[in-house]
Amino acid sequence: MSETATPGTTGIVVTGASGRMGQMLIRLISETRGVRLAGALERAGHDWIGQDVGAAMGGGDLGVTVSDDALEVIAHAQAVIDFTAPAASVEFADLAAQARTVHVIGTTGFAPQDLSRIKAAARHAAIVRAGNMSMGVNLLTQLTRQVAAALDEDFDIEIVEAHHNQKVDAPSGTALMLGEAAAEGRGLSLDAASDRGRDGITGKRKRGDIGFTAIRGGDIVGEHDVLFAGAGERVTLRHVATDRAVFARGALKAALWGQGRPPGEYDMLDVLGMRGASA
Ligand SMILES: NC(=O)C1=CN([C@@H]2O[C@H](COP(=O)(O)OP(=O)(O)OC[C@H]3O[C@@H](n4cnc5c(N)ncnc54)[C@H](O)[C@@H]3O)[C@@H](O)[C@H]2O)C=CC1
Ligand SMILES: O=C(O)C1=N[C@H](C(=O)O)C[C@H](O)C1
């Protein structure tokens, strides 16, 4: 079972400590009352292993040494916040389940077999997973479901996402969340309706399809448009993230919300109390 080293504080492990989201989370946790950084994990062989994480980030010591021993570190925490890679996140899900520790998963790009493993881990501990942890995007999923239900298939749905040039997966986790919401609004299965990676002589657009386009460039944090294109008019729903802090704040909220929750799979709609808000 997880332990509380400092009474009254929630001990949180950050995985992928040197990453864009990892560093953002470590700063946020250090500045937030009622939580403490209980561990910082990186992949085996990473330069930061053995260093104080604050110093490795270029600041003062935070009293937490970067480790690659996930089993040991997770056993002493109440929550794990994880923005890494699919293969790492499924391992962390197993370890967090063994420790009965809340696991917040922001990682995207999972294959169906990864999702099955996460589902199995969620039989033993609370897992909050979302392709986007921001308030704005989670609201946008609700609006997308509503507009998709209101406008019939005379309106073609296209999802356009833009991210920085270091992103490794496409479509983004957010684009897939928005696609799922649009498909739900239309009463469709996204697997059957999705149209990805057009190139060459593609033939005409199929009525009812949900199209995806991915832009990669520079330091774009994350932008998502859901376009409903009809004859003579278009409706566009848009979210623009300009600061990764929006994802970090959502993830920290999820870690606290998960304390004392029964085992199971949850998402940010549960955390934000938005489930069914637009039904
Ligand atoms: N759900 C959300 O709101 C958001 C999700 N993301 C997702 O989070 C993930 C990470 O994004 P970034 O921080 O931009 O990537 P990044 O590449 O900057 O950081 C990932 C970090 O994970 C580390 N890592 C990989 N394997 C590991 C292992 N086995 N143990 C410990 N650490 C390991 C890497 O060394 C790296 O430091 C991506 O899948 C991205 O799509 C990113 C932002 C928001
Ligand atoms: O990799 C990123 O950076 C982001 N990934 C998430 C996604 O795949 O949607 C969330 C956000 O857009 C940033």
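As annotated in an unreviewed UniProt entry, the chain carries the name 4-hydroxy-tetrahydrodipicolinate reductase and is attributed to Roseovarius spongiae. Checking UniProt for the chain, the heading Pathway (unreviewed entry) contains the comment "Amino-acid biosynthesis; L-lysine biosynthesis via DAP pathway; (S)-tetrahydrodipicolinate from L-aspartate: step 4/4."

Participant: Explanation requested: the site of ligand 2 in the structure shown.
Facilitator: The immediate surroundings of ligand 2 are formed by Thr 108, Gly 131, Asn 132, His 163, His 164, Lys 167, Ser 172, Gly 173, Thr 174, Val 221, His 224 and Phe 247. Contact between ligand 2 and Thr 108: an oxygen atom at 3.5 Å from a side-chain N or O atom of the residue. Between ligand 2 and His 164, the relevant distance is 2.8 Å, taken from an oxygen atom to a side-chain nitrogen or oxygen of the residue. For ligand 2, the protein covers 85% of the area, taking 320 Å² as the surface of the free molecule. Classifying every residue of the shell around ligand 2 gives 2 nonpolar, 9 polar and 1 charged.

Participant: Any chance you could explain the sheet that holds strand 1 (residues 10-14) here in plain terms?
Facilitator: Through backbone hydrogen bonds, the strands of a sheet pair up, either in parallel or in antiparallel fashion. In spatial order, the strands read 3-2-1-4-5-6-12; together these 7 strands make up an open sheet with parallel pairing. Bordering the open sheet on either side are strand 3 (66-67) and strand 12 (264-266), each of which pairs with just one other strand. Alignment of strand 2 (residues 35-41) against strand 3, held across 2 bridges, turns out to be parallel. Note on strand 3: the bridge partner recorded for Ala 40 is Val 66. This element, helix 5 (residues 112-121), spans strand 5 (102-105), strand 6 (126-129) and strand 12 of the sheet and lies at about 145° to strand 6.

Participant: Just to check I follow, could you spell out the UniProt feature "binding site: NADP(+)" (unreviewed entry) in the chain for this structure?
Facilitator: Here the UniProt-annotated "binding site: NADP(+)" (unreviewed entry) positions come out as Arg 43. When its relative accessible area of 57% is taken as the criterion, Arg 43 is described as exposed. Each residue touching Arg 43, except ones within four places of it in the same chain, is listed here: Ile 49 and Asp 68.

Participant: What exactly am I supposed to notice about the pattern of salt bridges here?
Facilitator: Two side chains with opposite charge may pair up if their charged atoms get near one another. A complete count under the given rule lists 14 salt bridges for this structure. Taking the shortest distance from any N to any O, the salt bridge between Arg 198 and Asp 195 comes out at 3.0 Å. Assessed through its relative accessible area of 38%, Arg 198 is described here as partly exposed. Arg 238 is the partner of Asp 225 in a salt bridge, and the nearest nitrogen-oxygen pair spans 2.7 Å.

Participant: How should helix 4 (residues 86-99) be read in this particular structure?
Facilitator: Side chains that are three or four residues apart share a direction in an α-helix, a result of its 3.6 residues per turn. With 14 residues, helix 4 should cover 20 Å at 1.5 Å per step; its first-to-last C-alpha distance of 20 Å lies within 8% of that length. When we look at burial in helix 4, the residues that qualify are Ser 89, Val 90, Phe 92, Ala 93, Leu 95, Ala 96, Ala 97 and Ala 99. Check the buried side of helix 4 and you find it contacts strand 2, helix 3 (70-74), strand 4 (79-82), strand 5, helix 5 and strand 6. Looking at the residues trailing helix 4, positive phi occurs at Arg 100, about 55°.

Participant: So what exactly am I meant to see when it comes to the site of ligand 1 here?
Facilitator: By nearness alone, 21 residues border ligand 1, and Arg 20, Glu 42, Thr 108, Met 133 and Lys 167 come closest of all. Between Met 21 and ligand 1, the recorded distance is 2.9 Å, taken from a backbone N or O atom to an oxygen atom. Separating an oxygen atom of ligand 1 from a backbone N or O atom of Met 133 is a distance of 2.8 Å. Here ligand 1, which alone exposes 860 Å², has 80% of that area covered by the protein. When contributions to the shell around ligand 1 are tallied by element, the ones reaching two or more residues are helix 1 (20-31) and helix 4. Residue composition of the shell around ligand 1, grouped by class: 7 nonpolar, 9 polar and 5 charged.

Participant: Before we go on, may I ask you to explain the packing of helix 4 against helix 5 in this structure?
Facilitator: A pair of packed helices is characterised by two quantities: the angle between their axes and the separation of those axes. Running from amino to carboxyl end, helix 4 crosses helix 5 at an angle of 15°, the nearest separation of the two axes being 9 Å. Classified by the angle between their axes, helix 4 and helix 5 sit roughly parallel to one another. Relative to helix 5, the crossing made by helix 4 is left-handed. On helix 5, the residues that touch Pro 86, Val 90, Glu 91, Ala 93, Asp 94 and Ala 97 of helix 4 are Asp 114, Arg 117, Ile 118 and Ala 121. Looking at the contact of helix 4 with helix 5 residue by residue, the class counts come to 6 nonpolar, no polar and 4 charged.

Participant: Quick question: what am I supposed to make of the domain arrangement of the chain here?
Facilitator: Where interface size is quoted, it is often the accessible area lost as the parts come together. Taken domain by domain, the chain consists of domain 1 (10-129 + 245-272) and domain 2 (135-242). One C-alpha centre belongs to domain 1, the other to domain 2, and the line joining them spans 28 Å. Taken together, the contact pairs 8 residues of domain 1 with 11 residues of domain 2. In total, domain 1 and domain 2 occlude about 720 Å² of area from one another, counting both sides; carbon and sulfur atoms represent 67% of this. Its largest share of buried area at the contact with domain 2, domain 1 owes to Arg 20, Thr 108 and Leu 269, together 53% of the area lost on that side.

Rules used in this analysis
Residues numbered from 1 in each chain as written. Chains lettered and ligands numbered in written order. Predicted model: local features only at pLDDT ≥ 70, side-chain atom pairs only at ≥ 80, totals over all residues. Heavy atoms only, no water. UniProt positions renumbered as here; feature names shortened; annotations may be inferred. Near = heavy atom within 4 Å. Polar contact = N/O pair within 3.5 Å; in protein donor to acceptor, adjacent residues only side chain to side chain. Areas by Shrake-Rupley, 256 points an atom, 1.4 Å probe, with all protein chains shown as cover. Nonpolar A, V, L, I, M, F, W, Y, C, P; charged D, E, K, R; others polar. Pairing = 2+ DSSP bridges. Helix = DSSP H or I, 4+ residues; strand = E, 2+ residues; numbered from the N terminus. Contact = heavy atoms within 4.5 Å. Axes fitted to C-alpha atoms, helices over the stretch in contact; angles between N-to-C directions. Buried < 20%, exposed > 50% of the residue type's maximum accessible area, 1.4 Å probe, protein only. Salt bridge = Lys/Arg side-chain N within 4 Å of Asp/Glu carboxyl O. Expected span 1.5 Å × (residues − 1). Parallel < 35°, antiparallel > 145°, perpendicular 65-115°, else oblique. Left-handed = near helix turned anticlockwise from the far one by under 90°. Domains from an automatic or database assignment. Buried area = accessible area lost by both parts, 1.4 Å probe.

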